Amino acid sequence: MLDRTTLLELYYYARLTRDVEERLAILYRTNQVVGGLYRSLGQEGESVASALALEPSDIIGPLIRNLGSLLARGVRPRDIFAQYMARGASPSRGRDLNLHFSHIPPAASGEPTIIGPISMLGDLIPVVAGALLGGRMQQRRLVALTYIGDGGTSTGAFHEGMNFAAVQRLPLVVIAEDNKFAYSTPIARQMAIERIDQRAEAYGVAHEMVDGNDMIAVYEATKRAVDRGRRGEGATLIGVDTMRMRGHAEHDDMRYVPKAMLEQWTTRDPIAKLRTLLVELSLATDTDLHEIDRRTRSFAEAEANDALAQPRPDPADVTRDLYAGTHPFPGRRVELVRSPFREL
Ligand SMILES: Cc1ncc(C[n+]2csc(CCOP(=O)(O)OP(=O)(O)O)c2C)c(N)n1
């Protein structure tokens with residue numbers, strides 16, 4: 001069984017993810033968000049739990065729906081809000097949106113390397129595998145964690161990346177999310193196999209399937225995969241059984257999802273599930289958990305307001321950092337915050 005601190009961290013970061021997304025939804029409806037909002041409602045648990053199983057300096061490559069993985073690794077919510085609102089001081093300085101930014105710290109910093117999402121689905125797998133190859137050449141014992149949706153696993157780039165990672169025995173951990181729909185395409189139209197983790201068999205990669213809404217199960221499976229990778233035993237694909245409880249993005253009313261299906265998955269909410277367990281095991285009281293809820297809600301609100309107060313990019317330097325040889329900005333590093341539970 002996981003220690004109490006880790007369990008409370010799982011709860012805290014899943015709550016924070018939901019609260020940051022709730023704030024983003026308000027900003028979206030009031031026209032403050034530039035572009036779309038791709039929520040992870042109902043599947044926050046798998047992003048948070050998998051990312052917490054890494055060592056702090058490991059590599060993480062989220063896709064657009066894996067906000068929880070970045071928050072769990074310490075990325076400050078203010079930077080996320082600033083990205084969504086294309087503010088001039090956001091990590092990409094308003095040149096790109098949402099989670100599309102990277103963080104490449106010096107090796108000795110102990111900070112995570114973050115490789116931003118690549119819009120062409122599947123392509124993040126070979127890129128993250130390449131980063132691991134680089135880490136190996138520098139004799140760093142890094143493990144990398146990345147994510148792919150069920151739709152993304154049907155791309156050629158996914159297959160090439162997985163095969164490359166397998167052949168090179170790279171310490172790559174891939175979370176393959178069966179969240180039931182790729183936009184409006186149901187999983188049965190996506191693959192002829194029973195479980196998404198069976199994709200791994202073609203490459204000779206270790207795999208297992210877990211309940212994606214059971215944060216402890218996801219944490220433990222990822223930890224096993226991370227340890228295996230660090231021991232030099234190669235890549236792992238972890239299939240997570242979960243459900244996307246909002247549309248593909250906020251503009252999508254998800255009319256293609258049967259109501260009964262949504263109702264059934266409401267009873268399997270990952271945050272509610274962990275909350276019940278914490279109380280049942282007497283690891284936290286209802287009052288303790290209410291206090292965490294209050295804390296994450298007010299943190300998300302304050303961080304959103306901070307980002308709202310930031311100026312937009314200066315039109316005068318709009319082409320800076322876009323083309324070679326035009327006075328690039330000095331590197332802007334993402335601001336990281338420590339887990340409140342590790343400071344106690
Ligand atoms: C190669 C490629 N094809 C199509 C798209 C357009 N597209 C963006 S997201 C998406 C659905 C992705 O579904 P899935 O991989 O299951 O992830 P989910 O949205 O369920 O998290 C599609 C088709 C794309 N970005 N890249």
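Fair warning: this is a prediction, and the values are worked out from it, not measured in the lab. (Residues numbered from 1 in each chain as written. Predicted model: local features only at pLDDT ≥ 70, side-chain atom pairs only at ≥ 80, totals over all residues. Heavy atoms only, no water.)

**Quick notes on helix 7 (residues 215-230)**
Part 1: For helix 7, built from 16 residues, the straight-helix expectation of 22 Å at 1.5 Å per residue is met to within 8% by its first-to-last C-alpha distance of 22 Å.
Part 2: Listed in full, the buried residues belonging to helix 7 are Met215, Ile216, Val218, Tyr219, Ala221, Thr222, Ala225, Val226, Arg228 and Gly229.
Part 3: A side-chain oxygen of the first residue of helix 7 lies 3.1 Å from the backbone nitrogen of Ile216; this N-cap is Asp214.
Part 4: Directly after helix 7, the chain includes Gly232, whose backbone phi takes a positive value near 90°. (Helix = DSSP H or I, 4+ residues; strand = E, 2+ residues; numbered from the N terminus. Expected span 1.5 Å × (residues − 1). Buried < 20%, exposed > 50% of the residue type's maximum accessible area, 1.4 Å probe, protein only. Polar contact = N/O pair within 3.5 Å; in protein donor to acceptor, adjacent residues only side chain to side chain.)

**Comments concerning the packing of helix 1 (residues 4-29) against helix 7**
The relative placement of two packed helices comes down to the angle between their axes together with the axis-to-axis distance.
Part 1: It is at 11 Å that the axes of helix 1 and helix 7 come closest, and there the two elements cross at 115°. With respect to helix 7, the axis of helix 1 lies roughly perpendicular. Between helix 1 and helix 7 lies a crossing of right-handed hand. Residues Thr6, Leu7, Leu10 and Ala14 of helix 1 form the contact with helix 7, whose own contacting residues are Met215, Ile216 and Tyr219.
Part 2: Looking at side-chain class alone, the contact of helix 1 with helix 7 contains six nonpolar, one polar and no charged residues. (Axes fitted to C-alpha atoms, helices over the stretch in contact; angles between N-to-C directions. Parallel < 35°, antiparallel > 145°, perpendicular 65-115°, else oblique. Left-handed = near helix turned anticlockwise from the far one by under 90°. Contact = heavy atoms within 4.5 Å. Nonpolar A, V, L, I, M, F, W, Y, C, P; charged D, E, K, R; others polar.)

**A word on the pairing of strand 8 (residues 236-241)**
Part 1: Within strand 8, five of the six residues are buried, which leaves it mostly tucked inside the rest of the structure.
Part 2: Note: strand 4 (residues 172-178) against strand 8, six bridges, orientation parallel. Bridge pairing links Ala176 to Gly239 in strand 8.
Part 3: Note: strand 7 (residues 206-211) against strand 8, six bridges, orientation parallel. Residue Asp211 lies in a different strand from strand 8, and its bridge partner there is Asp241.
Part 4: In this region the chain leaves strand 7, passes through helix 7 and returns to the parallel neighbour strand 8; the handedness of that crossover is right-handed. (Pairing = 2+ DSSP bridges. Right-handed = clockwise from strand over helix to strand, strands pointing away.)

**Remarks on the side chain of Arg199**
Part 1: Checked against the element boundaries, Arg199 lands in the loop between strand 6 (185-186) and strand 7.
Part 2: At 3.1 Å, the side chain of Arg199 and the side chain of Thr153 are in polar contact.

**Section: the site of the ligand**
Part 1: The environment of the ligand is formed by 13 residues, the closest being Arg65, Ser119, Gly151, Gly152 and Phe181.
Part 2: Take Leu121: an N or O atom from its main chain is 3.1 Å from a nitrogen atom of the ligand.
Part 3: One nitrogen or oxygen atom from the side chain of Asn179 is found 3.0 Å from an oxygen atom belonging to the ligand.
Part 4: Look at the ligand: alone it shows 580 Å² of surface, and the protein chains cover 67% of it.
Part 5: Looking at the shell around the ligand, its residues break down into five nonpolar, six polar and two charged. (Near = heavy atom within 4 Å. Areas by Shrake-Rupley, 256 points an atom, 1.4 Å probe, with all protein chains shown as cover.)

**A look at the sheet that holds strand 3 (residues 144-149)**
Part 1: One open sheet holds the six strands; their spatial order is 2-1-3-4-8-7, and the pairing between them is parallel. Looking at which strands have only one partner, the edges of the open sheet turn out to be strand 2 (113-114) and strand 7.
Part 2: This element, helix 5 (residues 124-137), spans strand 1 (59-61), strand 3 and strand 4 of the sheet and lies at about 175° to strand 3.

**Brief notes about the packing of aromatic side chains**
The description of an aromatic ring pair uses the distance of the two centres, along with the angle that the planes make with each other.
Part 1: Counted by the stated rule, this structure contains four aromatic pairs.
Part 2: Ring centres of Tyr12 and Tyr13 lie 4.9 Å apart, and the angle between their planes is 85°; this geometry places the pair in the edge-to-face category. There is no split in this pair, since Tyr12 and Tyr13 are both buried.
Part 3: Taking the centre distance of 5.5 Å and the plane angle of 80° together, the rings of Tyr12 and Phe341 count as edge-to-face. Of this pair, Tyr12 sits in helix 1 while Phe341 sits in helix 11 (residues 340-343), and the two are 329 residues apart along the sequence. Of the two residues examined, Tyr12 and Phe341, each falls in the buried class.
Part 4: Here a set of aromatic residues connected by ring pairs shows up, and it is made of Tyr12, Tyr13 and Phe341.
Part 5: The ring of Trp265 has Arg268 sitting right over it, with the charged end atom 4.0 Å from the ring centre. (Phe/Tyr/Trp six-rings, centres within 6.5 Å; stacked < 30°, edge-to-face > 60°. Lys NZ or Arg CZ within 6 Å of the ring centre and 35° of its normal.)

**Examining the environment of Ala86**
Part 1: Summarising the element assignment, Ala86 is placed in the loop between helix 4 (77-84) and strand 2.
Part 2: As for Ala86 and Val33, which are separated by 53 residues in sequence, their C-alpha atoms are 7.8 Å apart.
Part 3: Ignoring sequence-local partners within four residues, the contact set of Ala86 consists of Val34, Gly94, Leu97 and Pro313.

**Remarks on the packing of helix 1 against helix 9 (residues 270-280)**
Part 1: For the pair helix 1 and helix 9, the least separation of the axes is 10 Å and the interaxial angle reads 150°. Considering the angle they form, helix 1 stands roughly antiparallel to helix 9. Note on packing geometry: the crossing formed by helix 1 with helix 9 is left-handed. For the pair formed by helix 1 and helix 9, the contact residues are Leu7, Leu8, Leu10, Tyr11, Ala14, Arg15 and Arg18 on the first element and Pro270, Ile271, Leu274, Arg275 and Leu278 on the second.
Part 2: A per-class count over the contact of helix 1 with helix 9 returns nine nonpolar, no polar and three charged.

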